[in-house]
Amino acid sequence: MQKTIISERAHVLRKTVINERYFKLKVRVSKSAFNHASPGHFAYVLCSQEITGRKNRTFEDYKELKNYLRSDSDSILQSQLILRRPLCIHDAYMRKEKGKEQYIFEFLVRKKRSGTALLAKLDKGDTLELLAPIGRPYGYERSVKEKRDVIIAAGGMGIAPLVFLCRKLGENGILPVIFFGFEEAFALNQGSSMDDDLKALSKSFTITSNTIIEDEYEKGFVTDTLAKHLRGLAPKAVKNTDIYACGPYLMLKEVAKIADEFGINCEISLEERMGCGIGACMACVCKMKNNDGFKYKRVCIDGPVFNSKEILFE
Amino acid sequence: MSKKSKATSLSVKLKGIKLTSPLIAASGTFGFAEDFERIESFSNEDIGAITLKSVSMLPMAGNPPPRIVETPAGILNSIGLQNPGIQEFKAAHLPKLRKYNTVFIANIVGFSIDEYAKIAKEFDGIKEIAAIEVNISCPNVKKGGIAFGTDPKQSYKVIEAVRKSTSKPVIAKLTPNVTEIIDIARACIDAGTDMISLINTVNAMVIDINTKKPVLFNNNGGLSGPAIKPVAIYQVNRVYNYIRERKLAIPIIGMGGILTFEDALEFIIAGASAVSIGTGSFYDPFIYKRINAKITEYLRVNKISGISGLVGSVTMNS
Ligand SMILES: Cc1cc2nc3c(=O)[nH]c(=O)nc-3n(C[C@H](O)[C@H](O)[C@H](O)COP(=O)(O)OP(=O)(O)OC[C@H]3O[C@@H](n4cnc5c(N)ncnc54)[C@H](O)[C@@H]3O)c2cc1C
Ligand SMILES: Cc1cc2nc3c(=O)[nH]c(=O)nc-3n(C[C@H](O)[C@H](O)[C@H](O)COP(=O)(O)O)c2cc1C
Ligand code: FES
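Here the structure is a predicted model, which means the values were calculated and not measured. (Residues numbered from 1 in each chain as written. Chains lettered and ligands numbered in written order. Predicted model: local features only at pLDDT ≥ 70, side-chain atom pairs only at ≥ 80, totals over all residues. Heavy atoms only, no water.)

Draft legend 1. Representation of the overall build of chain B in the model. Looking only at helices and strands, one finds eight helices and 18 strands in chain B. Computed over C-alpha atoms, the radius of gyration of chain B comes to 18 Å, within 12% of the 20 Å expected from 2.2 N^0.38 for 318 residues, which places it in the range of a compact globule. With the principal axes as the frame, chain B shows a C-alpha extent of 55 × 50 × 50 Å. By the burial criterion, 60% of the 318 residues in chain B qualify as buried. Considering only residue pairs separated by 6 or more positions, chain B has 71% of its internal contacts joining residues 24 or more positions apart. In chain B, 37 positive and 27 negative side-chain charges are present, and the distance between their average locations comes to 4 Å. (Helix = DSSP H or I, 4+ residues; strand = E, 2+ residues; numbered from the N terminus. Rg over C-alpha atoms; globule rule 2.2 N^0.38 Å. Buried < 20%, exposed > 50% of the residue type's maximum accessible area, 1.4 Å probe, protein only. Contact = heavy atoms within 4.5 Å. Lys, Arg positive; Asp, Glu negative; His and termini not counted. Charge placed at Lys NZ, Arg CZ, Asp CG, Glu CD.)

Draft legend 2. Representation of the packing of helix H2 (residues 113-124) of chain B against helix H3 (residues 152-165) of chain B in the model. All names here are of chain B. Two numbers describe how H2 lies on H3: the axes approach to 8 Å, and their chain directions differ by 30°. The pairing of H2 with H3 is recorded here as roughly parallel in orientation. As H2 runs across H3, the sense of the crossing is right-handed. Of H3, the residues touching H2 (which contributes Ile113, Tyr116, Ala117, Ala120, Lys121 and Asp124) are Gln154, Lys157, Val158, Ala161, Val162 and Ser165. (Axes fitted to C-alpha atoms, helices over the stretch in contact; angles between N-to-C directions. Parallel < 35°, antiparallel > 145°, perpendicular 65-115°, else oblique. Left-handed = near helix turned anticlockwise from the far one by under 90°.)

Draft legend 3. Quick look at unusual backbone geometry. Here the amide bond leading from A:Ala132 into A:Pro133 is cis, since omega sits at -10°, within 30 degrees of zero. Each neighbour pair has its own omega, and for A:Gly303 with A:Pro304 the value is 5°, a cis peptide bond. Mapping A:Pro304 onto the fold places it in the loop between strand S15 (293-298) and strand S16 (305-307). The backbone phi angle of B:Leu81 is positive, close to 55°, even though this residue is not glycine. Take B:Leu81: it is sitting in the loop between strand S6 (74-77) and helix H1 (85-97).

Draft legend 4. Molecular detail of H1(B). Residues and elements named next belong to chain B. A bend of about 45° at Ala91 is the largest found in H1, and the proline Pro95 appears one to four places after it. Regarding H1, the residues found buried are Gly85, Ile86, Phe89, His93, Leu94 and Leu97. In this fold, the buried residues of H1 make contact with strand S4 (49-55), strand S7 (103-108) and H2. (Bend = angle between axes of the 7 residues up to and from the residue.)

Draft legend 5. Structural context of the environment of B:Ser308. Residues and elements named next belong to chain B. Position of Ser308 relative to the elements: it lies in the segment after helix H8 (287-301). Given the relative accessible area of 64%, Ser308 is considered exposed. The sequence separation of Ser308 and Ser273 amounts to 35 residues, and the corresponding C-alpha distance is 7.0 Å.

Draft legend 6. Just the site of ligand 1, in detail. Residues and elements named next belong to chain A. Lining the immediate surroundings of ligand 1 are 20 residues, of which Pro86, Lys112, Gly115, Thr116 and Glu271 lie closest. Between ligand 1 and the protein, one listed contact pairs an oxygen atom with a backbone N or O atom of Pro86 at 2.7 Å. Bound to the protein, ligand 1 loses 91% of the 830 Å² it would expose on its own. Sorting the residues of the shell around ligand 1 by element identifies strand S4 (85-88), strand S6 (100-110) and helix H4 (114-119) as the ones contributing at least two each. The greatest single-element share of the shell around ligand 1, amounting to four residues, is contributed by S4. Looking at the shell around ligand 1, its residues break down into 10 nonpolar, three polar and seven charged. (Near = heavy atom within 4 Å. Polar contact = N/O pair within 3.5 Å; in protein donor to acceptor, adjacent residues only side chain to side chain. Areas by Shrake-Rupley, 256 points an atom, 1.4 Å probe, with all protein chains shown as cover. Nonpolar A, V, L, I, M, F, W, Y, C, P; charged D, E, K, R; others polar.)

Draft legend 7. Spotlight on the pairing of strand S8 (residues 149-155) of chain A. All names here are of chain A. The buried fraction of S8 amounts to six of the seven residues, a majority that puts the element mostly inside the structure. In this structure, S8 lies alongside strand S12 (residues 241-246), joined through six bridges in parallel fashion. By the bridge assignment for S12, Ala154 is matched with Cys246. Bridge analysis of S8 against strand S9 (residues 177-181) gives five bridges, and the strand direction is parallel. Among the inter-strand pairings, Gly155 is bridged to a residue of S9, identified as Gly181. (Pairing = 2+ DSSP bridges.)

Draft legend 8. Representation of the sheet that holds strand S2 (residues 22-29) of chain A in the model. All names here are of chain A. Read across the sheet, seven strands follow the order S4-S3-S7-S1-S2-S6-S5 without closing on themselves; strand pairing throughout is antiparallel. If you trace the sheet from one side to the other, it starts and ends with S4 and strand S5 (91-97), each paired once. Taking the axes of each pair of neighbouring strands and ignoring which way they run, one obtains an average angle of 40° across the sheet. Examined bridge by bridge, S5 and S6 share seven bridges and lie antiparallel to one another. Among the inter-strand pairings, Tyr93 is bridged to a residue of S6, identified as Ile104.

So this is what it looks like as structure tokens:
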């Protein structure tokens, strides 16, 4: 077994609050975690503040806290959230800081409940325990090798893994066509450079929404704009296209249907509740086609990215 | 079986099986020992023994998702015993076990007495397997779905059948979902089990107040993690007292909610000769290494020469 998942304590360099629901975390990781990371991979992070939060508390380094308890006690661990939370690697890059190489992961997070709310409390100087990178990433390298046209379809938080994907495609001379749909105030422009980043990294960046009406947004579903775009392409161009998608289940089901209609190779990132996050417990399964029936595959290790033809949508 | 290893203060011996640490990976939380090895600097060899996922004669698809939900200080799971079946296990997973210098324990399930006997026989022939743990929490389909492990007579029959099918040490794994665990323990002992492990998960349910539906597709599931630890400690201690009073030599493997070295020691003091860890390894995959180091230090500071000196050392308030 290749040891490609790194367990480490990442340093939070910055938190950017986008609005009351969304924030970004920029963390410094090891070279080895960075080198193994590819678009579509995720990190499995501990949310417990006592461990990962302020004053750099971690498994080995929570002495301060121990002073409040019996000396040598480990019992603080017991009050924590047991499960880690999966977060896509939103972006990953190397930068030079005072002549030294630094390896950066960014996470784009939507506050849901307990775990993500705790993550929202992290700030510069804190640490974040993570296991990363995990899973089967997007097969973008094939698109690069075969000089394909790439379409990216994202719905809501499904944009999270696709920025890293755009970066990698860009580094290899491919500018994708991006379709992004959302129904909830995402405020792309407020305090976030994602909008500009994506514009710079793409051939075209089309935003669709049914609920948020702006002059520059198309009205409707992202799958409508995607289908319209494909209908406008010459058959030869369709043949040379790959689709990479991430978003809510129903959107992905529709994207898979469209890809099938046009005979396009399409890769989709799925979500499921996880236990171990590394393939051992069989908690995170999704239905895949198998002869006439189905079989379960693990989202954490066999995915999260699957070929759309494999997935048995329900 | 037991491989060459230096005896340390952590070493334990369970019915002739030598473990380098009293910490065992719990069935179902460690797959077939391949997965944690994906993590850099993780080593299967830091674990005293690894219990493999439950294996049945035929492949089992398991339950539809969601299969897991987080609860206060724990998790609820309803995996539904998804496993590839014995033939696929032998073809795809068994060869990979040979790489690791640690002890492997098989865990078996069946839906009839006969099936338990058959699957035990299969594992009896596998030299990489040091012992066979019998998961008796499976429903008896022939008897209308009641779990073998909640009925002393059925438990007796399963263990008796497994006992006859193997010369390897047999471990009866008890469910806590019974009124009187001693009745089940006694039945398993009478049927010839070599060891007892407990506890399996606790029956439980979580309901979403918005949809008014259970969160798990399967409606109910098994609770594990720190939430069940006091239940487990109590049950381990009761079974330990039963065994001690009868002067039997039946080691107990205690489990349920171990997250810290203190938890592990609590089980040992309550009467466990070794302990298993499941849910805790989802939180911290390096839990085995961390607890090994801390127990070693505890033994040193308290001038205790080995684990066996602690087993069952609890003194009750009179
Ligand atoms: C591969 C993958 C990548 C993801 N990437 C991102 C990302 O980049 N940014 C982001 O904001 N969110 C992402 N999510 C969703 C994110 O993991 C959940 O929103 C988060 O776990 C919710 O935790 P909570 O404690 O706030 O919510 P709670 O509802 O309290 O969580 C309870 C439990 O359910 C699990 N859970 C809840 N929602 C989901 C979900 N949608 N998918 C899987 N498990 C869930 C939690 O992990 C936790 O174990 C991703 C999910 C997956 C599977
Ligand atoms: C995801 C999951 C899967 C499990 N699968 C099995 C199994 O296949 N067979 C079995 O005997 N026990 C199984 N168990 C029970 C554990 O082996 C253990 O008895 C229980 O989880 C209590 O220990 P813990 O609190 O340390 O997890 C499973 C537990 C979990 C959490
Ligand atoms: S979360 Fe355990 S196998 Fe995927």
